[in-house]
Amino acid sequence: MTVPTLTQATGPAFTRIYSIGAARGDLIVPNDDLVGPIDSSDEWIQQRTGIVTRTRASSGVSATDLATAAAQEAIAKSGVEASKIDLVLIATISNVQQTPSMAAVVADNVGANPAAAYDLNAACAGYTYAIAQADALIRAGAGHYALVIGAEKLSDVVDPTDRSISFLLGDGAGAVVIGPSDAPGISATVWGSDGSKADAVGMNATLTDFRDGKAEWPTLRQEGQTVFRWAVWEMAKVAKEAIDAAGITVDDLSAFIPHQANMRIVNEFAKQLKLPESVVIARDIESTGNTSAASIPLATHRLLQGHPELSGTLALQIGFGAGLVFGAQVVVLP
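Conventions used here
Here, residues in each chain are numbered from 1, in the same order as that chain's written sequence. Local features in this predicted model are restricted to residues of pLDDT 70 or higher, and side-chain atom pairs are both shown and tallied only at a pLDDT of 80 or more, whereas totals for entire chains, interfaces and linings draw on every residue. Where side-chain values are given, they derive from all heavy atoms of the structure, hydrogens and water being excluded. By nonpolar core we mean a set of buried residues, namely Ala, Val, Leu, Ile, Met, Phe, Trp, Tyr and Cys, connected to one another through side-chain atoms within 4.5 Å. For each residue, the accessible area found with a 1.4 Å probe, counting protein chains only, is set against the maximum for its type, and the residue is called buried under 20%, exposed over 50%, and partly exposed in between. By definition, any uninterrupted DSSP run of H or I lasting at least four residues is a helix, any uninterrupted run of E lasting at least two residues is a strand, and each is numbered from the N terminus. Working rule for contacts: check all heavy atoms of both residues, and any pair within 4.5 Å makes them a contact. Note on geometry: axes are lines fitted to C-alpha atoms, helical ones only across the stretch in contact, with angles between N-to-C directions running from 0 to 180 degrees. Put simply, angles under 35 degrees are roughly parallel, angles over 145 are roughly antiparallel, angles from 65 to 115 are roughly perpendicular, and the rest are oblique. Crossings are assigned a handedness: left-handed for a near helix turned anticlockwise from the far helix by less than a right angle, right-handed for a clockwise turn. DSSP bridges decide pairing: two strands pair if at least two such bridges lie between them. Handedness rule for crossovers: strands pointing away from the viewer, path from the first strand over the helix to the second running clockwise, crossover right-handed. Throughout this description, the term salt bridge denotes a Lys or Arg side-chain nitrogen within 4 Å of a carboxyl oxygen of Asp or Glu. Side-chain atoms alone can form a polar contact between residues adjacent in sequence; in general such a contact is a pair of N or O atoms within 3.5 Å, and within protein one must be able to donate a hydrogen while the other accepts it.

Q: Provide a residue-level description of the nonpolar core, including the pertinent values.
A: Counting residues in hydrophobic clusters, the biggest one holds 49 residues, and the most contacted among them are Phe-256, Leu-316, Ile-318 and Phe-320. Counting residues per element, this core draws most heavily on helix α6 (residues 224–245), which supplies eleven residues. When neighbours within four sequence positions are excluded, Ile-318 is seen to be in contact with Thr-128, Met-235, Val-238, Ala-239, Phe-256, Ile-257, Pro-258, His-259, Phe-269, Ile-296, Gly-327 and Ala-328. Within the second largest apolar cluster, 33 residues are counted, among which are Ile-20, Ile-131, Ile-178 and Leu-304.

Have a look at this one:
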């Protein structure tokens, strides 16, 4: 019996980011509002993290709301009709409803039905993972235009008495529209994980523990020194690999946009990479806090607001976080 030959999808050779949108939590929370329960001070938090304030969302505002608002801005600026977006990817660790996916709801909210839609959980590396997937899926012909969002409401998973991570976290969402391009706009992604160090940062209990009365509501915790050392030394190597994979050198970069985990990590990163002084470094963490999967697009959005001349130039972005998952790529800024 002769097996019929299947037709496989093919797509464009290249993709790029068309536009970017952002939505931050509506509350500005200064350090002084958080120091009591952790017996700390504004000075200590600023010295250790570089954070002065962080944005958090009111109780009636969900991560889905933030994602929708960011997506609407990105779509409006993209020149692509929402109905033509056939792929919606949302990176998040804070969707408090396990199903349906946040992506499916947001796709409907913005008028992208019946787009393929799914959430992915790669913590603070989630946005770079989603960019890699959108790029690959469009070039493979599985979609034409993609909406990629990093969205978090981390205040839902914060224990205000925890000294390891609670004071770092904020809420927000950043979104981009990705589509075909005449020239390469997204480089190969260098990504991976080290699950052997999964206990270094993550939730302190499971939902079944909470259900069975064995634990309080699960919240985030981290081993600060372990994460700091890993981020600075190991992720600098990944960043260099991503630059090599893109076929460029640090001198070709105009911007460096790392996950906004900690200002000390950002600054040490820049030293390790020996970035030229001309490279603009995103430091959104000072006023937004650590927003996990949302941090890179939020930092990019703010960077472009302050430096519109960076549009069309090369930026290195790298995410890293819980489960010690990481991803990095070079992109042409929208």
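Q: Please give an account of the packing of α6 against helix α7 (residues 263–273) that cites residues and values.
A: Look at α6 against α7: their axes get within 9 Å of each other, and the N-to-C directions meet at 40°. One finds that α6 runs oblique with respect to α7. For the element pair α6 and α7, the recorded crossing hand is right-handed. Every residue of α7 that contacts α6 at Phe-228, Ala-231, Val-232, Trp-233, Met-235, Ala-236, Ala-239 and Lys-240 is listed here: Arg-264, Ile-265, Glu-268, Phe-269, Gln-272 and Leu-273.

Q: Describe the pairing of strand β4 (residues 87–91), with residues and values.
A: By the criterion of burial, β4 is predominantly enclosed, with five of the five residues buried. Judged by which residues are buried, β4 turns out to be covered on both faces: Leu-87, Leu-89 and Ala-91 on one side and Val-88 and Ile-90 on the other are all buried. The sheet contact formed by β4 and strand β5 (residues 116–120) spans five bridges and is parallel. Bridge pairing in β5 links Ala-91 to Leu-120. Handedness of the crossover is the feature at issue here: the chain leaves β4, passes through helix α3 (residues 102–110), returns alongside β5, and the resulting connection is right-handed. As paired strands, β4 and strand β6 (residues 146–153) are joined by five bridges and run parallel to one another. Of the residues in β6, the one forming a bridge with Ala-91 is Gly-150.

Q: Residue-level account of the sheet that holds strand β14 (residues 325–332), with values.
A: Read from one edge of the open sheet, five strands run β8-β14-β13-β11-β12, paired in mixed fashion. Every interior strand has two partners, whereas the edge strands, β8 (190–193) and β12 (280–281), have only one. As judged from the four bridges shared by strand β11 (residues 255–258) and strand β13 (residues 314–321), these two strands associate in the parallel manner. Within β13, the position partnered with Phe-256 by the bridge is Leu-316. Packing of helix α4 (residues 126–139) onto the sheet brings it into contact with β8, β13 and β14, and relative to β14 it is tilted by some 55°. On top of the sheet, α6 reaches β8, β13 and β14; it is set at about 140° to β13, its chief contact.

Q: Residue-level account of the sheet that holds β6, with values.
A: On the basis of which strands lie adjacent, the open sheet formed by five strands has the order β1-β7-β6-β4-β5 and mixed pairing. Strand pairing shows two members of the sheet lacking a second neighbour, β1 (14–24) and β5, which therefore form its edges. Pairwise comparison of adjacent strand axes, ignoring direction, gives a mean angle of 15° for this sheet. Pairing between β1 and strand β7 (residues 171–181): ten bridges, direction antiparallel. Note on β7: the bridge partner recorded for Ala-22 is Gly-174. Each of β4, β5 and β6 touches α3; the most contacted strand, β5, lies at about 135° to it. Set on the sheet, helix α9 (residues 295–306) makes contact with β1 and β7; between it and β1 the angle comes to about 90°.

Q: Please provide a residue-by-residue account of the pattern of salt bridges, values included.
A: All told, the structure shown has ten salt bridges when counted by the stated rule. Two residues, Asp-162 and Arg-221, come together in a salt bridge whose shortest N-O distance is 3.4 Å. Note that Asp-162 is positioned in the loop between β6 and β7 and Arg-221 in strand β10 (residues 220–222), a separation of 59 residues in sequence. Asp-284 is the partner of Arg-302 in a salt bridge, and the nearest nitrogen-oxygen pair spans 2.7 Å. Here Arg-302 is found in helix α9, whereas its partner Asp-284 is found in the loop between β12 and α8 (285–288), with 18 residues between them in sequence. Judged by its relative accessible area of 33%, Arg-302 is partly exposed. Within this structure, Arg-24, Asp-284 and Arg-302 form a network of salt bridges that share partners.

Q: I'd like a rundown of α7, residues and numbers included.
A: Among the residues of α7, those classed as buried are Met-263, Ile-265, Val-266, Phe-269, Ala-270, Gln-272 and Leu-273. Where α7 is buried, its residues meet α1 (42–49), α6, β11, β12, α8 and β13. Sitting at the head of α7, Asn-262 places a side-chain oxygen 2.7 Å from the backbone nitrogen of Arg-264.

Q: Provide a residue-level description of unusual backbone geometry, including the pertinent values.
A: Geometrically, the link from Thr-99 to Pro-100 is a cis peptide bond, its omega value of 5° lying close to zero. Residue placement: Pro-100 occurs in the loop between β4 and α3. Geometrically, the link from Asn-113 to Pro-114 is a cis peptide bond, its omega value of 5° lying close to zero. When you line up the elements, Pro-114 lands in the loop between α3 and β5. Its identity as a non-glycine residue notwithstanding, Lys-274 has a phi of 55°, on the positive side.

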